[in-house]
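Now for the letters of each chain:
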Amino acid sequence: MLSDAAIDWVIDGYTHGRVADEQMSALLMAIFLNGMTVAETTRWTTAMVASGERFDFTDLRRDGRSLALVDKHSTGGVGDKITIPLLPVVMACGAAVPQASGRGLGHTGGTLDKLESIPGFTAELSKDRIRQQLSEVGGAIFAAGELAPADRKIYALRDITATVDSTPLIASSVMSKKLAEGAQSLVLDVKVGRGAFLKTEDDARELARIMVDLGNSDGVPTRALLTDMNCPLGRTVGNSVEVTESLEVLAGGGPSDVVALTLALATEMLDAAGIDGADPAETLRDGSAMDCFRALVAAQGGDLSRPLPIGAVSETVTAPHGGVMGDLDAMGVALAAWRLGAGRAQPGEPVQFGAGVRIHRKPGEPVAAGEALFTLYTETAERLPGALAELDGAWTVGDTEPTQRPLIIDRIG
């Protein structure tokens, strides 16, 4: 068993270059093969948080009152644009949200890539700018920057040593950044299914429980929802197309599953923050959530009056015959969007903000022969064949409705 002192030493040493990649690789492989105890995972996470600055916003006031600081984290899914409507809903209900977000890698889209499709929007915020936004508008969405720098370095090494798929390392990676960002309570959205990192409920439940325990043991009350990710969320997968759909939700419309999950997570966040009596759904009806989103975007340089980019090249997939839309494989849709240019294979690669997939028919909906099922967008026509190949086999049109799965599977914590 690794002692607290040994964990502190190796995390600090690797962060500052005193421990070589080869040595850390050997330790990561040992953890990958043997796991970690609860005590080891907790200390590993604490050491990662301590590798950089831990934000403290408890002194901030708004309208003469202390801020109720709460955040949400998703383990990543397909069409998962929930952060975009969720934060302004929670802000409109009186909470403040400091959210460190990331960019996409592989099939999972990144919140920052989506928001950066808004002309002028920047996520590169200084701590002073974050403090100002929390006080003035009630929210900030920012790149993690120097939060938990040990995690950034260790994750890059995990990526090239095939040690990513380790539950304690995943949990510590997520929670080190979340605990460092300054929220006083946290709600986790742990995805499970074909389009999620974790495919089985047992694995997702284990990860959720570890992360909830890590937050609670650090003094940040934490809870989690297990949510289905077999089918994409909503009707868009990409960057700007997901922002457009989020604006529809904030305007009081949008897909029912996106609205339902937004409101469920908002209810959990407000409860965790100790805010009673607020009605998240009312903020969508009365426009106050939209007002908060516009204020947030404007504070970060974005201009919602300018059109969002959309791929100049498009292709529509139509139904070969009539019937009912069957199961829609989230991973197939995600890989199609990635092939179109919406995602990246390596950190730092550019993405196409206007690339993505629009889903015209969701599982269980009636389909007529020749009707549009999907529209694919890209800036580069040579990307279309690969995207269409990924999409082929990810959907069916049949005579019977597919089995409907609950969106929210369980609550932990």
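I will try to describe carefully the structure that is included in this document. (Residues numbered from 1 in each chain as written. Predicted model: local features only at pLDDT ≥ 70, side-chain atom pairs only at ≥ 80, totals over all residues. Heavy atoms only, no water.)

The next thing to look at is helix α14 (residues 330–340). Buried residues dominate α14, accounting for 8 of its 11 residues. For α14, the full list of buried residues reads A330, M331, G332, V333, A334, A336, A337 and L340. The inward-facing, buried residues of α14 contact β8 (236–238), β10 (323–328), β11 (356–359), β13 (372–378) and α15 (384–391). One side-chain oxygen at the N-terminal end of α14 lies 3.0 Å from the backbone nitrogen of M331; it belongs to D329. (Buried < 20%, exposed > 50% of the residue type's maximum accessible area, 1.4 Å probe, protein only. Helix = DSSP H or I, 4+ residues; strand = E, 2+ residues; numbered from the N terminus. Contact = heavy atoms within 4.5 Å. Polar contact = N/O pair within 3.5 Å; in protein donor to acceptor, adjacent residues only side chain to side chain.)

Next up on the list: the side chain of D80. With respect to the secondary-structure elements, D80 resides in the loop between β3 (70–74) and α4 (83–92). Here the side chain of D80 touches S74 through a polar contact of 2.6 Å, side chain to side chain. The residues touching D80, leaving out its near neighbours within four places in the chain, are S74, K114, K191, L233 and E242.

With that settled, consider the pattern of salt bridges. What the rule picks out here adds up to 31 salt bridges. With a closest N to O distance of 2.5 Å, R54 and D218 form a salt bridge. Placement of the pair is R54 in the loop between α3 (38–50) and β1 (61–62) and D218 in the loop between α9 (201–217) and β7 (222–228), with a sequence separation of 164 residues. Note on R54: relative accessible area 38%, which makes it partly exposed. Classification of D218 as partly exposed rests on a relative accessible area of 27%. Within this structure, R223, E268, D271 and R411 form a network of salt bridges that share partners. (Salt bridge = Lys/Arg side-chain N within 4 Å of Asp/Glu carboxyl O.)

Here helix α8 (residues 167–180) contains 14 residues, and its C-alpha end-to-end distance of 20 Å stays within 8% of the 20 Å for a straight helix at 1.5 Å per residue. Note on α8: the residue one or two positions beyond its end, G182, has a positive phi of about 100 degrees. (Expected span 1.5 Å × (residues − 1).)

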